[in-house]
Amino acid sequence: MVKIPNRLEDLYPANALEMLTDVLHQPGISAKVREALDRVGLRELNPLEQVQQAWQQARSWIESVASDSDATQETHVINASGQLFHPQIASLPTNMAVARVLASACSKSQHAERLRARQERISGNILGGASTCWTTSLFDALDGLIGPRQVLIAKTDLVRIPHVGDVASMLGHKSIIEIGPSNGCSADDWHAALTRTSVSPQSELCILTVSPNALPHEEALRQRKETFQVAAEKGIPVFGLLADGVFNAKLNQQFGFPLITEMLKNELDVAVAPLSLLVGGVSGGLLMGKQRHVTNAALSARSRGTELPAPLLSASLLALQLSILTDDLESGALGNLMTNPANLAERARRIAVQLNQQGSIQTAVEQERSVAIGPAPWSRYSLNNWAVKLESKEPASLIREKLAAGSVTQDGLYIPPVLTEGSEHTIWVDLRFVDPKDDHLIVAALSPGARASVKALDATETPGSNSQHAETAEPGPQSDQAADS
């Protein structure tokens, strides 16, 4: 936390204050200052004291505002589980540049027409001219897109996707027809369902596909291919809810995430993606595709007041531009996914050296591991990570509980909760989603000196409320923070 000065001497050089004092004590100026103070009823106060009192008031106000960051500190967690979609993670980290744009846009007025023109220019360049609609949520996006149509959807696609929601609940107010069994549907299932449906004309129908769904990756690709073939034969529009959709070709090649631009070109009439996941934005839903479908959704969003607010749109446009880059993403979920594994291995080695045979840690070694990106249906995607494998002398569950509680050391270093994975005597500290600047906190949390002097934070204590905690900026014991940053 930045220390706010409370004296004039902390703000200005001593010689400058000396000159200011000399000027204020000159007979002519002194008389005028006293006369001015007399007019406002402050004849007894020294002008320098007045300035200092005003600064003290400003400082108190700034500190009261800055103390709101305690709430962020209280809920901040170091994700050393290796999973991007961990059940205890409330939201994914976004790129620092996107966050700065959001903060800047929130503090200024936005010109509606110019913002709309910028939106069309950026999205048009990236999406090859596809129409777009930006809404406050995925539910609003789907609701405006589907409208009064009856929805055909494979039973395998009615899933609950962590960090997205339950697809069946999103469609609960719509007329839907479930296609096929729970282990996947074929072209025959689609033809049979279309034969039985009483809806006419077929322009009142739409097909909704969802990714990821309940099928293994290869089976999902087969089902999707047959679905598109039937839709093309019957002239039924296909809308795709792509929770795992990306614009980044590198992420598509490395992990197999659907490339949204390719799917719009070859398969989908409209794609719907959450802005807060693999697009790298903050919040909301993005509709992309054929103008006749997207225009209706945009009109619906405008009339119901569910258009994405201007500050969020400004931040999301930058996120869209950054999402196509293959390099230079130093923060956020996309930056973590594209981290060079060699860097992770080196960081793991340094932490292991510091923790090996320390306190309750019997051995600490760096090791490569494969981790699912999240719980089902995200589990179809795996990450090759590097972690520190810790073998403990005491039950590993106790150490993991202490790490998950967070702590404050005797020298005032606040250590946020650390989420880890492990077994009876093993703890995995996975570095894929750990900021390099936080490596020293992990070392401090597991070091014997720090472990002996920590106290668990309870719900009544706000981290950072002690000024000693807030002003301490020194890294933990044997820290490699500078090298890792």
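Cut-off values and rules
In every chain, residue numbers begin from 1 and rise along the written sequence. In keeping with the model being predicted, local features are shown solely for residues with a pLDDT of at least 70 and side-chain atom pairs are shown and tallied solely at 80 or more, while totals for entire chains, interfaces and linings include all residues. Side-chain measures were taken over the full set of non-hydrogen atoms in the model, leaving aside hydrogen atoms and water. Helix and strand definitions here come from DSSP, where helices need a minimum of 4 consecutive H or I residues and strands a minimum of 2 consecutive E residues; each element is numbered from the N-terminal end. Each residue gets one of three labels from its accessible area relative to the maximum for its type: buried under 20%, exposed over 50%, partly exposed in between, using a 1.4 Å probe on protein chains only. Only heavy atoms matter for contacts: two residues are in contact if any of them lie within 4.5 Å across the pair. Here, Shrake-Rupley sampling with a 1.4 Å probe gives the accessible areas, and only protein chains in the shown set may cover a residue. Residue count minus one, scaled by 1.5 Å, sets the expected span of a helix. For two strands to be treated as a pair, DSSP must find no fewer than two bridges joining them. Axes, fitted as lines to C-alpha atoms, cover a helix only where it is in contact. Angles between the N-to-C directions of the axes lie from 0 to 180 degrees. Definitions used throughout: a 1 Å grid over protein atoms alone; a cavity as a set of points that fits a 1.4 Å probe which cannot get out; a pocket as an open set with protein on both sides within 12 Å along at least five of seven lines; a lining residue as one with an atom within 4 Å of a point. Grid points are joined across faces, edges and corners, and a volume is the space filled by probe spheres set on the points. Basically, the charged four are Asp, Glu, Lys and Arg, the nonpolar ten are Ala, Val, Leu, Ile, Met, Phe, Trp, Tyr, Cys and Pro, and anything else, Gly included, counts as polar. Neither His nor the chain ends contribute to the count of charged residues, in which Lys and Arg are positive and Asp and Glu negative. In the sections that follow, a salt bridge refers to a side-chain nitrogen of Lys or Arg positioned within 4 Å of a carboxyl oxygen of Asp or Glu. Here, nonpolar core means buried Ala, Val, Leu, Ile, Met, Phe, Trp, Tyr and Cys residues that are tied together by side-chain atoms lying within 4.5 Å of each other. Roughly parallel means an angle under 35 degrees; roughly antiparallel, over 145; roughly perpendicular, 65 to 115; everything else is oblique. Handedness of a crossing follows from how the near helix is turned relative to the far one, being left-handed for an anticlockwise turn of less than a right angle and right-handed for a clockwise one.

As for the overall build of the chain
Then, number 1: In terms of regular secondary structure, the chain is built from 22 helices and 18 strands.
Then, number 2: Within the chain, the fraction of its 485 residues that count as buried is 46%.
Then, number 3: The contacts of the chain with a sequence gap of at least 6 include a subset with a gap of at least 24, amounting to 76%.
Then, number 4: Accessible surface computed for the chain: about 23700 Å², of which carbon and sulfur atoms make up 50%.

Here's the deal with helix α11 (residues 217-234)
Then, number 1: For α11, built from 18 residues, the straight-helix expectation of 26 Å at 1.5 Å per residue is met to within 8% by its first-to-last C-alpha distance of 26 Å.
Then, number 2: A220, Q223, E226, T227, F228, V230 and A231 are the residues of α11 that are buried.
Then, number 3: Turning to α11, the residues buried within the fold contact β3 (150-154), α10 (187-196), β7 (205-211), β8 (238-242) and α13 (260-266).
Then, number 4: In the stretch just after α11, G235 is the one whose phi turns positive, near 70 degrees.

Re the sheet that holds strand β11 (residues 361-372)
What links the strands of a sheet is backbone hydrogen bonding, and the strands pair in either a parallel or an antiparallel sense.
Then, number 1: Taken together, four strands build an open sheet; the order of strands is β11-β12-β17-β16 and the sheet is antiparallel. Strands at the two margins of the open sheet, each flanked by one partner only, are β11 and β16 (421-422).
Then, number 2: Relative to strand β12 (residues 382-392), β11 runs antiparallel, the two being bridged by 11 bridges. What sits directly across from V365, in β12, is K389.
Then, number 3: Contacting β11, β12, β16 and β17 (426-430), helix α18 (residues 396-405) runs over the sheet at an angle of about 35 degrees to β17.

Some thoughts on the environment of S123
Then, number 1: In this structure, S123 sits in helix α7 (residues 112-127).
Then, number 2: The class for S123 is buried, based on a relative accessible area of 1%.
Then, number 3: Each C-alpha atom of the pair S123 and M288 lies 9.0 Å from the other, and the pair is 165 residues apart in sequence.
Then, number 4: Setting aside anything within four residues of it in sequence, one finds S123 in contact with G128, T132, W134 and L320.

Details of the layout of surface pockets
Then, number 1: Counted as a void, the second largest pocket has a volume near 520 Å³.
Then, number 2: R116, Q119, T132, R302 and E307 are, among the 23 residues lining the second largest pocket, the residues nearest its centre.
Then, number 3: Those elements that place two or more of their residues in the lining of the second largest pocket are α7, β2 (131-135), α14 (291-304) and α15 (310-323).
Then, number 4: Considering every element that reaches the lining of the second largest pocket, the biggest residue donor is α7, with seven residues.
Then, number 5: Across the lining of the second largest pocket, the residue classes break down as 12 nonpolar, seven polar and four charged.

Brief notes about the side chain of D157
Then, number 1: Within the element layout of this structure, D157 appears in the loop between β3 and β4 (160-161).
Then, number 2: Among buried Asp, Glu, Lys and Arg side chains, D157 stands out as unpaired, with R380 the closest opposite charge at 7.1 Å.
Then, number 3: Once residues within four sequence positions are removed from consideration, D157 is found in contact with V167, L208, T209, V210, N213 and Q223.

A word on the nonpolar core
Then, number 1: Counting 91 residues, the largest nonpolar core has L84, L208, F247, F257, M288, L337 and I373 as its most contacted members.
Then, number 2: Counting residues per element, this core draws most heavily on α15, at eight residues.
Then, number 3: Those residues in contact with F257, other than ones at most four positions away along the chain, are D244, V246, L251, N252, L278, L337, I373 and Y381.
Then, number 4: Formed by 29 residues, the second largest nonpolar core is a distinct cluster that contains A80, A348, V388 and L403.

What about empty space enclosed by the protein?
Then, number 1: One pass over the structure, following the stated rule, counts two cavities of 30 Å³ or more.
Then, number 2: Approximately 80 Å³ is the volume found for the largest cavity.
Then, number 3: Looking at the largest cavity, it is lined by 13 residues, and the ones nearest its centre are N95, V279, G280, S331 and L334.
Then, number 4: At the level of secondary structure, the elements contributing two or more residues to the lining of the largest cavity comprise α15 and α16 (332-337).
Then, number 5: When its residues are assigned to classes, the lining of the largest cavity shows seven nonpolar, six polar and no charged.

Section: the packing of helix α8 (residues 138-146) against α14
Then, number 1: Direction vectors running N to C along α8 and α14 enclose 120 degrees, while the axes themselves pass 8 Å from each other. When the axis of α8 is compared with that of α14, the two are oblique. Judged by the sense of rotation from one axis to the other, the crossing of α8 with α14 is right-handed. Facing α8, whose interface residues are D140, D143, G144 and L145, α14 presents H293, N296, A297, S300 and R304.
Then, number 2: Its residues assigned to classes, the contact of α8 with α14 shows two nonpolar, four polar and three charged.

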